[in-house]
Amino acid sequence: MRTTGPGRPPTVSPVTETTHTHPTPPAGAGRPRSPEFRLAADALAGLRQDLFHGAFAYRPLPRLGPGSRLVRGRSGRMREYAAWAPHGLVAFLGLVAMWLGMLRGDISGAPSLLCGLLALVPVLLTLVRPAGAFWLSLVASLINGVVGEDYWGGIWTPGTFFSHLVVLTVVAVRTRPRTAAWMWVLTGVYGSFAGSLLGRLDGRGEVAQMQLLSALVLLVVAVRQIRRQAAAEVTAQQTVTEHERSRRTLLEERTTIARELHDVVAHHMSVVAIQAEAAPYRVENPPPELEKAFVTIRENAVAALTELRRVLGVVRAEDYEAPDAPQPTLADLDALLANVREAGLDVTKAVTGAVRELPQGVELSAYRIVQEALSNTLRHAPGASARVEIGYVLGGLGLRVVNGPPPAPSLVKPSPGAGHGLTGMRERVGMLDGEMTTARTAEGGYEVTVFLPVPAPETEGGA
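Here's what I pulled together on the structure shown here. (Residues numbered from 1 in each chain as written. Predicted model: local features only at pLDDT ≥ 70, side-chain atom pairs only at ≥ 80, totals over all residues. Heavy atoms only, no water.)

### Overview of the overall build of the protein chain
Just so we agree on the cut-off: A run of H or I in DSSP counts as a helix once it spans at least four residues, and a run of E counts as a strand once it spans at least two, with each numbered from the N terminus. The contact criterion used throughout is that any non-hydrogen atoms of two residues lie within 4.5 Å. Computed by Shrake-Rupley with a 1.4 Å probe, the accessible areas treat only the displayed protein chains as cover when residues are assessed.
Summing up its helical and strand segments, the protein chain has 13 helices and five strands in all. Contacts in the protein chain between residues far apart in sequence, at least 24 positions, make up 71% of those at least 6 positions apart. Accessible area of the protein chain: about 29,000 Å², with a carbon and sulfur share of 61%.

### Quick notes on the nonpolar core
Applicable threshold: Put simply, a nonpolar core is a bunch of buried Ala, Val, Leu, Ile, Met, Phe, Trp, Tyr and Cys residues held in one set by side-chain atoms that sit within 4.5 Å of each other. With a 1.4 Å probe rolled over the protein chains alone, any residue whose accessible area is under 20% of its type maximum counts as buried; one over 50% counts as exposed, and the rest are partly exposed.
Ranked by size, the top nonpolar core spans 32 residues in total, and within it L51, F134, W156, V167, A172 and M183 carry the most contacts. If you list the elements that add at least two residues to this core, you get α1 (35–52), α5 (110–125), α6 (130–147), α7 (158–174), α8 (177–198) and α9 (204–278). Here the element with the most residues in this core is α7; it accounts for eight residues. Excluding its chain neighbours within four sequence positions, the residues that come into contact with F134 are L51, H164, V167, L168, M183, L186 and T187.

### Focus: the packing of aromatic side chains
Aromatic ring pairs: the centre-centre distance and the angle between the two ring planes describe each pair. Rule in force here: Stacked, tilted and edge-to-face are the three classes assigned to paired rings of Phe, Tyr and Trp, where Trp is represented by its six-membered ring and a pair needs centres within 6.5 Å; plane angles under 30 degrees give stacked, over 60 edge-to-face, the rest tilted.
For the structure on display, the rule yields two aromatic pairs. Look at F52 and W135: their rings are 5.2 Å apart centre to centre, the planes differ by 50°, and that puts the pair in the tilted class. Residue F52 is located in helix α1, and its partner W135 is located in helix α6; the two are separated by 83 residues in the primary sequence. An angle of 65° between the planes, with centres 5.3 Å apart, marks the rings of F134 and W135 as edge-to-face. Given the relative accessible area of 22%, W135 is considered partly exposed. Taken together, the aromatic side chains of F52, F134 and W135 make up a single cluster linked through ring pairs.

### Considering a positive patch on the surface
We count it as follows: Any residue with relative accessible area above 30% and no salt bridge may belong to a patch, with like charges joined within 9 Å and the nonpolar Val, Leu, Ile, Met, Phe, Trp and Tyr side chains within 5 Å. Whenever a carboxyl oxygen of Asp or Glu lies within 4 Å of a side-chain nitrogen of Lys or Arg, that contact is scored as a salt bridge. Charged residues are defined here as Lys and Arg on the positive side and Asp and Glu on the negative side; His and the ends of the chain fall outside this count. Lysine's charge is taken at NZ, arginine's at CZ, aspartate's at CG and glutamate's at CD.
Positive charge collects at one region of the surface, where R69, R72, R224 and R228 lie side by side. Elements supplying a minimum of two residues to the positive patch: α2 (69–72) and α9. With respect to the element layout, R69 can be found in helix α2. For R69, a relative accessible area of 72% corresponds to the exposed category.

### Regarding the sheet that holds strand β2 (residues 385–393)
Note the cut-off: Strand pairing requires that DSSP identify at least two bridges connecting the strands. Every angle, taken between N-to-C directions, lies between 0 and 180 degrees, and every axis is a line fitted to C-alpha atoms, over only the stretch in contact when it is a helix.
Strand order in the open sheet made by the five strands is β1-β2-β3-β5-β4, with mixed pairing throughout. Both outer strands of the open sheet, β1 (346–352) and β4 (435–440), are each paired with one neighbouring strand and no more. Across the sheet, the mean angle separating the axes of adjacent strands is 10° when strand polarity is ignored. Alignment of β2 against strand β3 (residues 396–403), held across eight bridges, turns out to be antiparallel.

### Points about the packing of helix α4 (residues 85–102) against α7
When two helices pack together, their arrangement is given by the angle between their axes and by how far apart the axes lie. Inclusion rule: In what follows, roughly perpendicular refers to angles from 65 to 115 degrees, roughly parallel to angles under 35, roughly antiparallel to angles over 145, and oblique to any angle outside these ranges. Crossings are sorted by hand: turned counterclockwise from the far helix by less than a right angle, the near helix makes the crossing left-handed, and turned clockwise it makes it right-handed. Note on residue classes: Ala, Val, Leu, Ile, Met, Phe, Trp, Tyr, Cys and Pro are nonpolar, Asp, Glu, Lys and Arg are charged, and everything else, Gly too, is polar.
Look at α4 against α7: their axes get within 7 Å of each other, and the N-to-C directions meet at 160°. One finds that α4 runs roughly antiparallel with respect to α7. The two elements α4 and α7 meet at a crossing, and its hand is left-handed. Touching V90, L93, V96, A97, L100 and G101 of α4 are P158, G159, F162, S163, V166 and V170, all from α7. Its residues placed into classes, the contact of α4 with α7 shows nine nonpolar, three polar and no charged.

### Things to note about a nonpolar patch on the surface
Together, M102, L113, L117 and V121 make up a nonpolar patch on the protein surface, roughly 300 Å² of accessible area in all. Counting residues per element, the nonpolar patch draws most heavily on α5, which supplies three residues. Considering the arrangement of structural elements, one finds M102 in helix α4. Here M102 falls in the partly exposed class, since its relative accessible area comes to 36%.

### Some remarks on the pattern of salt bridges
Considering all chains together, one arrives at four salt bridges under this definition. Where E389 meets R387, a salt bridge forms, and the shortest distance between an N and an O atom there is 2.9 Å. In this structure E389 comes out as partly exposed when scored by relative accessible area, which is 24%. Among the residues examined, R387 registers a relative accessible area of 35% and is labelled partly exposed. In this structure, the salt-bridge partner of R400 is E447, at a minimum N-O distance of 2.6 Å. Taken as a pair, R400 in strand β3 and E447 in strand β5 (residues 446–453) lie far apart in primary sequence, 47 residues in all. Members of the salt-bridge network, linked through shared partners, are R387, E389, R400 and E447.

Shown next as structure tokens:
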């Protein structure tokens, strides 16, 4: 009820009631299931998926790959035949089962041939339809028991007994361990059912023999599959770990290069800022537009220096300390070679071309490349001699570091390093749009060749 104004009767607004009906959940819905119920449901779902769903789907047994031990050690036509070795083995076992199926004293002629075929067909079917072969083996065993009286007095003839063991083994190899467990259980259920159906109550010992032998065979197959699966997972994890290690190494090298180049870039930007600030005082009565332009240049240079320091703070490690000395150049190469000689490496240096001053980034990268190459020589070829060649050419700088073979290769132990050497060199060369090749020499040593392009200096007054 609401009042629209003084003296006016109240206005009553109708209110409509809406009744919401909720559907009654079905009986048992929403009721928490016990762990035993969920376990049984999962088990039945696994049985349906493994042995019922697509049981007769076409799944041919693949040939052995080139990496298999049977194929790897052969060549030519024998290599091609070895790839079909599993198929030949299954066919041979099928023929053995057929021979045992026909080897019966109570029947002969067409019934004997039928019993042999009933033992052979399920084995051959494992090559193309493994789950269907298991069901066919059970049916073949039942038909074989109906054809004639078994001299064993049981529910399996010698042929079907051997055939079913082969089928269980092949299907277990081609599927998962859970499928092998289900086949073992269903074989026991079939043995009890067939014994009652055929009136072979004295065949309980044969059922026990089948269950015992099949359990041993399936256990061996399951353990083998679990080990292979575990080895495959370990290999996959090692591959992922190696990939992550390589990626981390690459990022670490790029971070190191960024830290080293910070001083070079900061020096150039500082020179720009100082020159822009001092330039107006070198010109008498400079125009206001020129003064304003130099002020803008200086402000931009200072802003760039500030942002560069922030970037360095991002890539700097927690334990990183800024170097007190300036970054090394090719002029410091002699000191590096002297230290390497003290470490036991016989190294020589050769310089060709007209020595000239190069950009600081090129000088620093060239120094680090030579340093890494010599470190690799000390690590991987101790006692070998090395030679460093530096060539100043018109379009850039050429580097070549080559070492001879170690005097005692058998005594060289694997390096515990993380493999930063070549990665760091390639990153430095790629940063400068250069080229790098690495290869073993004919004498058994190692060679690193690098070319760093350097643009020609601009001459005053234009080119």
